[in-house]
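# Analysis of the macromolecular model
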2 protein chains.
Amino acid sequence: MEFKLIAEGLRAVESILRTTVDSDIKALHDASHHIISSGGKRVRPQVALLTYLAAGGDDIQTAVPMAAALEMVHTATLVHDDINDHSNTRRGKVTVHVKWGRTFALLTGDYLFTKVYELMAPYGTPYNGIMSSACIRLVEGETLQATVAKAGTMDAETYKTIISRKTASLFEAGAEMGALLANADDAVVQALISYAHNLGLTFQIVDDILDIVGDPEKMGKEVGLDLAQTRGVMAAEGIDGAAPITSTETEDVQEMIAQLRDSGAVEIARMQAVEVANRARTALDLVAESPAKEALLTLVDMVMDRDK
Amino acid sequence: MEFKLIAEGLRAVESILRTTVDSDIKALHDASHHIISSGGKRVRPQVALLTYLAAGGDDIQTAVPMAAALEMVHTATLVHDDINDHSNTRRGKVTVHVKWGRTFALLTGDYLFTKVYELMAPYGTPYNGIMSSACIRLVEGETLQATVAKAGTMDAETYKTIISRKTASLFEAGAEMGALLANADDAVVQALISYAHNLGLTFQIVDDILDIVGDPEKMGKEVGLDLAQTRGVMAAEGIDGAAPITSTETEDVQEMIAQLRDSGAVEIARMQAVEVANRARTALDLVAESPAKEALLTLVDMVMDRDK
């Protein structure tokens, strides 16, 4: 029964994501559908829907627009990130700025942000406050990342700040809103936020590892583009990082990747991921048993074991 | 008394605009303060505060964050527009992307958008719905403008669609929210929306005229960058437009500006502005006399007669 609900919810999220970005302005319509229909793991909507159910919610449709809004924020940042990172492929497709040019990509990202706002408006004040805070922290985290990437000054604490803000913030917001929509007790709300925080950290560390060791074909995007980020994983464990990245020549990047692979950094980062993944699991101790709770635990495994 | 309220409200808007963008992320903090503290006419906050008062509101502070949010949307779009238009100066200062680079400018624009969301969250559902619709229409208008600028296919109807969406939408949202916050009757709400719609059109037509005949020093920005837009003013009056703009060389742009000045297009556009300005004034017939209504009428004159 509950599994059926989850599948139903995720299908509804897909449907809303698509219909919400329909526009009579062709470039916005086409570019938005291009990026949204290219798939993605939909981890953030899963967190939102599953925490809602695990917190006792029983009308999944009430959580669906919010779950879609989280994915919409993520999608907007992907379009803008790909401009800034000069990425050519994303989810196995050509990036928006490569296909439509930078001007339209920038506007498409803005458009997707306005659609977040539209999806969230019906939820009212506390929810809009939670979502806006998460969006602010996300942009702050990305800007901090760009700052240290430029300066070559990544260290352990900064890395943690970056991944907390740029990635964990949206996961947390999904769990908090999911739990609040289900009228959960404060203890359960906090437990689910803690779960989501640690799942978000796990997700990003694994992402940074895949940027070094991943198979570009499976991942559907180039690897090695987040090297500055990845060097943070090393710094976080006191491994002496490479010099600031001053070259983006393919051969140089490939060599840096090889150095990182050989340095043991990947194994240490993997241990870090295991630690925060365990914290995510432990946080659920305070949540009553349910198929949704089981699915939240399974989601931790999926995030850990993914190869894309 | 009411004039004191307006001045108080505008000071409060300035204060909120600044404190809202404070951040521990230096690039966001500095770039946001750079663009916000560079001034600007604050026309949108004036519309919001004055319509609130004209509709009978008497606690100006309730309208202040919303008025600031409108200016924040506008500011966010300026930062992104300047990236897309390769503009070097804005309000007499160097543009954000020139000073901080494109990556940080893109992120600063995103940050300012998230701050709109933060400022609006406390207002609840109907207001967030109005603001999100306005933001969507704004991005659609800008994208349509970029589309026709690229294709060289501007015509009268498209020009009207563009300026309605990219400019009038925010003016309308300010008036609608101002009137609703003051608990105005529906007839007054509609009258103030109509006023704001026509004021917004006036504002943009005058802006496009200043892009041709304006003094760059007074305007604090380069002129001639919105030529595609301006050719819309011509097209709107059936004047045979120039060929699609295929060159952005300074001499070519200067020559196109000279052609436009000589064609009579400016005078015709001016007549159009007079017409929509009159519609704005007439819309206020349904609104009770008050110092705020007088100020709304004066605002039409200021928008018409400005030289920057």
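About the cut-offs
- Residues numbered from 1 in each chain as written.
- Chains lettered and ligands numbered in written order.
- Predicted model: local features only at pLDDT ≥ 70, side-chain atom pairs only at ≥ 80, totals over all residues.
- Helix = DSSP H or I, 4+ residues; strand = E, 2+ residues; numbered from the N terminus.
- Buried ≥ 20, exposed ≤ 12 C-beta atoms within 10 Å, placed from the backbone.
- Contact = placed C-beta atoms within 7 Å.
- Arc of directions from axis to C-beta.
- Least-squares fit on C-alpha atoms with pLDDT ≥ 70 in both.
- Nonpolar A, V, L, I, M, F, W, Y, C, P; charged D, E, K, R; others polar.
- pLDDT = per-residue confidence, 0-100.
- Expected span 1.5 Å × (residues − 1).
- Axes fitted to C-alpha atoms, helices over the stretch in contact; angles between N-to-C directions.
- Parallel < 35°, antiparallel > 145°, perpendicular 65-115°, else oblique.
- Left-handed = near helix turned anticlockwise from the far one by under 90°.

## Some details on the overall build of chain A
Looking only at helices and strands, chain A features 14 helices and two strands. For chain A, the residues scored as buried account for 53% of the 308 residues in total. For chain A, long-range pairs separated by at least 24 residues make up 76% of all intrachain contacts whose partners lie at least 6 apart in sequence.

## Digging into helix α2 (residues 26–36) of chain B
What α2 of chain B keeps buried is the set A27, L28, A31, S32 and I35 of chain B. End-on, the buried residues of α2 of chain B take up no more than an arc of 115°, which puts them together on one face. Among the structural elements, α7 (125–151) of chain A together with α4 (64–85), α5 (96–100) and α6 (102–120) of chain B are those in contact with the buried residues of α2 of chain B.

## A word on the relation of the copies chain A and chain B
Mapping chain A onto chain B leaves a residual RMSD of 0.0 Å; the transformation is a rotation of 180° accompanied by 0.0 Å of translation along its axis. The superposition operator between the copies reduces to a two-fold rotation axis. When each C-alpha of chain A is compared by its distance to the rotation axis, G124 of chain A comes out closest, at 2.3 Å. Both copies contact each other with a shared surface, as 100% of the interface residues of chain A are interface residues in chain B too.

## Topic: the interface of chain A and chain B
Each side of the interface is counted separately: chain A has 33 residues, and chain B has 33 residues. Residue assignment for the side of chain A that touches chain B shows that the elements contributing at least two residues are α2 (26–36), α4 (64–85), α6 (102–120) and α7 of chain A. The element contributing the most residues to the side of chain A that touches chain B is α7 of chain A, with 13 residues. Of the residues that constitute the side of chain A that touches chain B, the class distribution is 17 nonpolar, 12 polar and four charged.

## Regarding the environment of M66 of chain B
Residue and element names in this part refer to chain B. Inspection of the secondary structure puts M66 in helix α4. Taking the C-beta count within 10 Å as the criterion, M66 has 26 such neighbours and is therefore assigned buried. Residues M66 and P216, spaced 150 residues apart in sequence, show a C-alpha to C-alpha distance of 31 Å. Once residues lying within four places of it in the same chain are set aside, the contact partners of M66 are A48, M120, Y123, Y127 and M177.

## Some remarks on the environment of Y195 of chain A
All names here are of chain A. Positionally, Y195 belongs in helix α9 (residues 186–213). The buried category is assigned to Y195, around which 32 C-beta atoms lie within 10 Å. The sequence separation of Y195 and L297 amounts to 102 residues, and the corresponding C-alpha distance is 9.6 Å. Other than its neighbours up to four places away in sequence, Y195 contacts A175, A280, A283, L284 and L296.

## Points about the confidence of the model for chain A
Residue and element names in this part refer to chain A. Chain-level pLDDT for chain A is 89 on average; 89% of the residues reach the 70-or-more range. Across residues 237–247, confidence stays below pLDDT 50; counting only partners more than four residues off in sequence or on other chains, it has 17 contacts. Scored as a whole, the predicted complex attains pTM 0.91, and scored at its interfaces, ipTM 0.91.

## Overview of α6 of chain B
Residues spaced three or four apart along an α-helix point in a common direction, a consequence of the helix completing one turn every 3.6 residues. For α6 of chain B, spanning 19 residues, the distance from its first C-alpha to its last is 28 Å, which sits close to the expected 27 Å at 1.5 Å a residue. Burial within α6 of chain B is extensive, with 18 of its 19 residues counted as buried.

## Overview of the packing of α4 of chain B against helix α8 (residues 156–181) of chain B
How two helices pack is summed up by the angle between their axes together with the distance between the axes. All names here are of chain B. The N-to-C vectors of α4 and α8 enclose an angle of 170°; their axes lie 10 Å apart at closest approach. When the interaxial angle is binned, α4 and α8 end up roughly antiparallel. Between α4, through M66, A67, L70, V73 and H74, and α8, the contact on the second element is made entirely by L170, A173, G174 and M177. Looking at the contact of α4 with α8, its residues break down into seven nonpolar, two polar and no charged.

## Focus on unusual backbone geometry
Located in the positive-phi region is H86 of chain A, a residue other than glycine, with phi close to 55°. For H86 of chain A, the position within the fold is in the loop between α4 and β1 (89–90). For H86 of chain A, a count of 12 C-beta atoms within 10 Å gives the class exposed. At R42 of chain B, a position not held by glycine, the phi torsion is positive, near 55°.

## A short note on the packing of helix α3 (residues 43–54) of chain B against helix α9 (residues 186–213) of chain B
Residues and elements named next belong to chain B. In the contact formed by α3 and α9, the axes pass within 11 Å of each other and the chain directions differ by 160°. Overall, the two elements α3 and α9 adopt an arrangement that is roughly antiparallel. Where α3 crosses over α9, the two elements pack in a sense that is right-handed. Note on element contacts: α9 touches α3 through L192, A196, L199 and F203, opposite V43, V47, T51 and A54.

## Quick look at the environment of G40 of chain A
Residues and elements named next belong to chain A. Relative to the elements of secondary structure, G40 occurs in the loop between α2 and α3 (43–54). G40 gets classed as partly exposed once you count the C-beta atoms within 10 Å, which come to 18. Sequence-wise, G40 and T125 are 85 residues apart; in three dimensions their C-alpha atoms are separated by 29 Å.

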